[in-house]
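# Structural overview for review
Spelled out, the chains give:
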Amino acid sequence: MAKHIVCRFDELDVGKITPAKIGRTPIIVSKLPSGQVRAMGGRCPHQGAGLEHGCISGRTESEAPNELAFCDYGETLRCPWHGFEFSLIDGRSVVPGTGHLPMKLRLFDVEVEGDDVVVTI
Amino acid sequence: MRIIDTDVHESFSSLTDLVPYLPEPYKSWIAAGAWRGFSQPFAYTSPGNGNRADVRSADGSASVSDYSVMRAQLLDPYNLTYAVLTGYFYPTGLKLQYGLATALARAYNDYVVEHWISKDKRFIGSIQINARDPEAAAREIDRMAAHPQMRQVMLPVVDDIAYGHPMYKPIFVAAERNRLMVAFHHTTFAQGPYGMGLHYMERHCLIPISLMPQVISLIANGVFDSYPNLRFMILEGGFSWLPHVMWRMDREYRQGRVEVPWIKKLPSQHCRERLRLSTQPTEDISSGDWMKLIDLMGTDDILVFSTDYPHFDFDDPNAAIPKAIPEATREKIIWKNAANFYELDMHDKTIPNQAAE
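Rules used in this analysis
Residues numbered from 1 in each chain as written. Chains lettered and ligands numbered in written order. Predicted model: local features only at pLDDT ≥ 70, side-chain atom pairs only at ≥ 80, totals over all residues. Heavy atoms only, no water. Helix = DSSP H or I, 4+ residues; strand = E, 2+ residues; numbered from the N terminus. Rg over C-alpha atoms; globule rule 2.2 N^0.38 Å. Buried < 20%, exposed > 50% of the residue type's maximum accessible area, 1.4 Å probe, protein only. Pairing = 2+ DSSP bridges. Axes fitted to C-alpha atoms, helices over the stretch in contact; angles between N-to-C directions. Salt bridge = Lys/Arg side-chain N within 4 Å of Asp/Glu carboxyl O. Parallel < 35°, antiparallel > 145°, perpendicular 65-115°, else oblique. Left-handed = near helix turned anticlockwise from the far one by under 90°. Contact = heavy atoms within 4.5 Å. Nonpolar A, V, L, I, M, F, W, Y, C, P; charged D, E, K, R; others polar. Core = buried A, V, L, I, M, F, W, Y, C linked by side-chain atoms within 4.5 Å.

### Section: the overall build of chain B
Within chain B, the secondary structure is distributed over eleven helices and eight strands. For a compact globule of 357 residues, the expected C-alpha radius of gyration is about 21 Å, and chain B comes in at 19 Å, within 12% of that figure. Expressed along its principal axes, the backbone C-alpha trace of chain B runs to roughly 55 × 45 × 45 Å. For chain B, the residues scored as buried account for 59% of the 357 residues in total.

Written out as structure tokens, the structure is:
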């Protein structure tokens, strides 16, 4: 296990994707509304799109057609290609029934040490 | 492994890019903003608004009209042997003003030759036409077929044309005369049997249902039989439906041949011999299911790979076709089937000139 400084904490914001690299491996970092930091693999587990070009937004919910609620801003990542949604809380696909696909983000252990965001791999 | 991407969408940055290529009075009309171009009757829901969100120029702006971006994101990193340019500006969408539509198709072809095809020998071009004026379309096919990289005629799937109708005969005659192939691609006007649905997701699910009738129309109305040198490419229309269409048409033909005796082969045989379907958007099925479908089609000659770059539902050449598919079949999907379709020299990247003779 090794620690890697990947960015400064003040580079992060809710809803913002901060790209970084550990060696040659791309990762992305973001801050959740709770203040927690998430660091995850920079490639979509579906077909490999560069997630730094994706977007972090909220999640839509509804119990009736054409009535959308928008919630939990900053907790959902969408792939820049196909728009697949991933929860930044647990890295899992927001869409149910994707168990036959490798649809989970790789979340890294991450800490804030002083001004630095540090990932342990 | 060599790769042919059979569905790559070049674009202009603005309709006014066509102004230099238009004759009067259309030149003045478009320059003055008399028509603002096609607009899709829905909102895109993907992060890149219908395109991959990472298709951006060096200044960070979204761009799908820049050859250098396409080269840096698609042609070079995936080492494509060929990329078939298929456009997404289809003047057949104009339901009136046929003269304008024909002039726009002509201008677009000239624009694409200058700004795209002439820049890279890996490009294979599609001739755009206004299909609503088949005689004018045939003249445009004859004109553009002289370009050595133009290898097919593009027939856009709109909401009111089934191309087997006899009125479109001049288009197929011209394609065959010029040794071109014929491709079909959906548009922002394509519909299912009850319209587009009420949601983008619904509309996108209905696209294959707009392509299936084209296959049925072409075979039922004798296009396959009348033009034996033509081959037909269904782009971005799905492929898992083909076994059903083949079985259904065979059954209907067996019991109803008396009505359509100009059909000389089982429809499924026509499909296996001269119909090709592009793979994107793949449907995340297992390699086993891929092989079951190919088995049901009766041949592994039918499927051809495509990315749909730069659109949002892009299929990555390294990820979309499962590695577990037997190597010989995978090579057919990624290279051989399309190479045979376009009669590409298997050992020479230079496209032979097969223009009008």
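### Description of the sheet that holds strand 7 (residues 85-87) of chain A
All names here are of chain A. Strand order in the open sheet made by the three strands is 5-6-7, with antiparallel pairing throughout. Each end of this open sheet is capped by a strand with a single partner; those strands are strand 5 (55-61) and strand 7. Each strand axis lies, on average, 65 degrees off the axis of its neighbour in the sheet, ignoring direction. The pairing of strand 5 with strand 6 (residues 69-78) spans six bridges and is antiparallel. From the neighbouring strand, Ser-57 faces strand 6, where its bridge partner is Thr-76.

### Re the pattern of salt bridges
Two side chains that carry opposite charge are able to pair once their charged atoms sit near each other. With the rule as written, the count across this model stands at 23 salt bridges over all chains. The partner of A:Glu113 in a salt bridge is A:Lys3, with the nearest N and O atoms 2.9 Å apart. Pair noted here: A:Glu113 is in strand 8 (residues 107-113) and A:Lys3 is in strand 1 (residues 3-8), with a separation of 110 residues, a long-range link. Here B:Asp120 ties to B:Arg122 by a salt bridge, and the two come within 2.9 Å at their closest N and O atoms. Here the two residues B:Asp120 and B:Arg122 agree in accessibility, since each one is buried. Each of B:Arg71, B:Asp76, B:Asp120 and B:Arg122 takes part in salt bridges that share partners, so that together they form one network.

### Section: the packing of helix 8 (residues 242-256) of chain B against helix 10 (residues 287-297) of chain B
Residues and elements named next belong to chain B. Taken N-terminus to C-terminus, the directions of helix 8 and helix 10 make an angle of 20 degrees; their axes are 9 Å apart at the nearest point. By the angle between their directions, the pair helix 8 and helix 10 is classed as roughly parallel. Relative to helix 10, helix 8 is oriented so that their crossing is left-handed. On helix 10, the residues touching Leu-242, Pro-243, Met-246 and Trp-247 of helix 8 are Leu-293, Leu-296 and Met-297. Taken together, the residues that form the contact of helix 8 with helix 10 break down as seven nonpolar, no polar and no charged.

### Here we look at the packing of helix 4 (residues 134-144) of chain B against helix 5 (residues 169-177) of chain B
Residues and elements named next belong to chain B. At a minimum axis distance of 8 Å, the contact between helix 4 and helix 5 shows a crossing angle of 15 degrees. When the axes of helix 4 and helix 5 are compared, the pair comes out roughly parallel. In the crossing of helix 4 with helix 5, the sense of the turn from one axis to the other is right-handed. Here Pro-134, Glu-135, Ala-137, Ala-138, Ile-141 and Asp-142 of helix 4 lie close against helix 5, whose contacting residues are Pro-170, Ile-171, Ala-174, Ala-175 and Arg-177. The residue makeup of the contact of helix 4 with helix 5, split by class, is eight nonpolar, no polar and three charged.

### Considering the nonpolar core
Residues and elements named next belong to chain B. Formed by 114 residues in total, the largest nonpolar core has its most connected members in Leu-18, Leu-155, Phe-172, Phe-184 and Phe-232. Per-element tally for this core: the top contributor is helix 3 (residues 98-115), with nine residues. Not counting the four nearest positions on each side in its chain, Leu-155 is found in contact with Ile-129, Ala-131, Tyr-163, Ile-171, Phe-172, Val-182, Ala-183, Phe-184 and His-185. One finds Tyr-82, Tyr-90, Val-304 and Ala-338 within the second-largest nonpolar core, a separate group that totals 17 residues.

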